[in-house]
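Close look at the chain arrangement
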Amino acid sequence: MTEIRSISCVALGANLKFEDHPPELTLGHAIQALAAGGVVIRAVSRFYSTPCFPAGAGPDYVNAAILIETDAAPQEILSELHAVEARFGRERVQRWGMRTLDMDLVFAGDRVAPDLDMFRAWHALDPQTQARSAPDRLILPHPRLQDRAFALVPLADIAPEWRHPVLGKTVREMLAALPEEDRAEVVPI
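Keep in mind the model is a prediction, meaning the values are calculated, not measured. Per chain, the residues get numbers from 1 upward, laid out in the order the sequence is written. Per-residue local features are limited, in this predicted model, to residues with pLDDT of at least 70; the limit for side-chain atom pairs, both in listing and counting, is 80 or more; totals at the level of whole chains, interfaces and linings are taken over all residues. Side-chain figures throughout are based on the complete set of non-hydrogen atoms in the structure, without hydrogens or water.

**Some remarks on the overall build of the chain**
Helices and strands together make up the secondary structure of the chain, namely seven helices and six strands. The linear arrangement of helices and strands in the chain, starting from the amino end, is β-α-β-β-β-α-β-α-α-α-α-α-β. Note that the radius of gyration is over C-alpha atoms, with the globule rule given as 2.2 Å times the number of residues to the power 0.38. In summary, the chain has a C-alpha radius of gyration of 15 Å against a globular reference of 16 Å for 189 residues, a match within 12%. The principal-axis extents of the C-alpha atoms in the chain amount to approximately 40 × 40 × 30 Å. Elements are defined by DSSP. Helices are runs of H or I of four residues or more, strands are runs of E of two residues or more, and each kind is numbered from the N terminus.

**Overview of the environment of valine 40**
Mapped onto the fold, valine 40 is located in strand β2 (residues 40–44). For valine 40 and proline 154, which are 114 residues apart along the polypeptide, the C-alpha to C-alpha distance reads 19 Å. Discounting residues that sit within four places of it in the chain, valine 40 has contacts with Arg5, Leu67, Ile68 and Glu69. Contacts are residue-level and defined by heavy atoms, with any inter-residue pair within 4.5 Å sufficient.

**Some points on the packing of aromatic side chains**
Two measures describe an aromatic ring pair: the distance that separates the ring centres and the angle between the ring planes. Pairing of aromatic rings covers Phe, Tyr and Trp, the last counted by its six-membered ring, and requires centre-to-centre distances within 6.5 Å; plane angles under 30 degrees mean stacked, over 60 mean edge-to-face, and any other angle means tilted. Inspection of the entire model under this criterion finds two aromatic pairs. When the centroid spacing of 5.7 Å and the interplanar angle of 65 degrees are considered together, the rings of phenylalanine 18 and phenylalanine 88 count as edge-to-face. Taken together, the positions of phenylalanine 18 in the loop between β1 (6–14) and α1 (23–36) and phenylalanine 88 in the loop between α2 (74–87) and β5 (102–108) put the pair 70 residues apart, joining distant regions of the chain. Per-residue accessibility, obtained with a 1.4 Å probe over protein chains only, is compared with the maximum for each type, and a residue is labelled buried under 20%, exposed over 50%, and partly exposed between these values. Judged by relative accessible area, which is 9%, phenylalanine 88 ranks as buried.

**A few points about helix α5 (residues 149–158)**
Residues lying three or four places apart along an α-helix face the same way, a consequence of the helix completing one turn every 3.6 residues. The buried fraction of α5 is high, at seven of ten residues. For α5, every residue scored as buried is listed here: Ala149, Ala151, Leu152, Val153, Pro154, Leu155 and Ile158.

**Looking at the pairing of strand β4 (residues 61–70)**
Within β4, ten of the ten residues are buried, which leaves the element mostly enclosed by the surrounding structure. Going residue by residue along β4, you find Tyr61, Asn63, Ala65, Leu67 and Glu69 tucked away on one face and Val62, Ala64, Ile66, Ile68 and Thr70 tucked away on the opposite face as well. Strand pairing follows a simple DSSP-based rule, namely that at least 2 bridges must link the two strands. Alignment of β2 against β4, held across four bridges, turns out to be antiparallel. Across the sheet, the residue bridging to valine 40 is glutamate 69, located in β4. Here strand β3 (residues 48–50) runs beside β4; their pairing, made up of three bridges, is antiparallel.

**Re the packing of α1 against α2**
At a closest axis distance of 10 Å, the pairing of α1 and α2 adopts a crossing angle of 130 degrees. When the axis of α1 is compared with that of α2, the two are oblique. The hand of the α1/α2 crossing is right-handed. Counted together, Ala30, Ala33 and Leu34 of α1 and Glu80, Leu81, Val84 and Arg87 of α2 form the full contact between these two elements. Under this grouping Gly is polar, as are all residues other than the nonpolar Ala, Val, Leu, Ile, Met, Phe, Trp, Tyr, Cys and Pro and the charged Asp, Glu, Lys and Arg. Looking at the contact of α1 with α2, its residues break down into five nonpolar, no polar and two charged. Axis lines are fitted to C-alpha atoms, over the contacting stretch for helices. Their N-to-C directions set the angle, which ranges from 0 to 180 degrees. Angular relationships are summarised with four words: roughly parallel below 35 degrees, roughly antiparallel beyond 145, roughly perpendicular across 65 to 115, and oblique for the angles in between. For any helix crossing, the convention is left-handed if the near helix is rotated counterclockwise from the far helix by under a right angle, and right-handed if that rotation is clockwise.

**Things to note about the pairing of β1**
For a regular strand, side-chain orientation follows a simple rule: the groups alternate between the two sheet faces. Most of β1 sits inside the fold, with seven of its nine residues counted as buried. As defined by bridge partners, β1 adjoins β4 across nine bridges and the pair is classed as antiparallel. Across the sheet, the residue bridging to alanine 11 is alanine 65, located in β4. Where β1 meets β5, six bridges bridge the pair, whose relative direction is antiparallel. Bridge pairing in β5 links valine 10 to leucine 105.

Here is the structure:
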C-alpha cells in the first residue's frame, strides 16, 4: 500500500568494525546505501561517540540520526533498514548486543503504531522486561526514545522541534528532561 510522503527518522549506531572499517565509516556507507536504494535523505546529524548500552556490553558506539522522506509505509521502511543492516554484517543474535550496524525507525511523522494501547504497553515496561522482551511488530514512535540520550542528542541536531505525538514533548524538551550526565556522555566526533 502506498502512503502519503512523510518525514521519518532513523537512528543509526555501530560499535564493531565491518570488513576492517570503523563504525563511523559503516554508518556513512549505510546512509549512502539507503540513498542509492531510493530513500530521500533530508538531513544527517553529526556523528557521536556514546557509551555502550547497556553499560559493559562492549565497545563504545558511534551514533547518528537521519531524516528521510518517503511514501513507503513504516513496515516497508523497516524492511529496507533490515536489508541494509544485513549488507553490513548485522546478525540478530542478542538483544542490545554488540553490532556492526543498527538502524531503528524512531518515528514516521506523527504516526502512532500499531495503535495507542500497544505503544502505551511497551512504553510502560520496566527495564528488566525491556531487556528480555522484544515486540513482534513495529512500535512507533520508538517506545524508549525519551529515555535515550544517544538517540535524542543526534535527533536534536536535525529535528529539535519534532513533537512526540503521545508524550506531547519536542525532542528538545525530552532531551532537556534527561540527567545532565546522560547528555554529557554523548560526544561529537
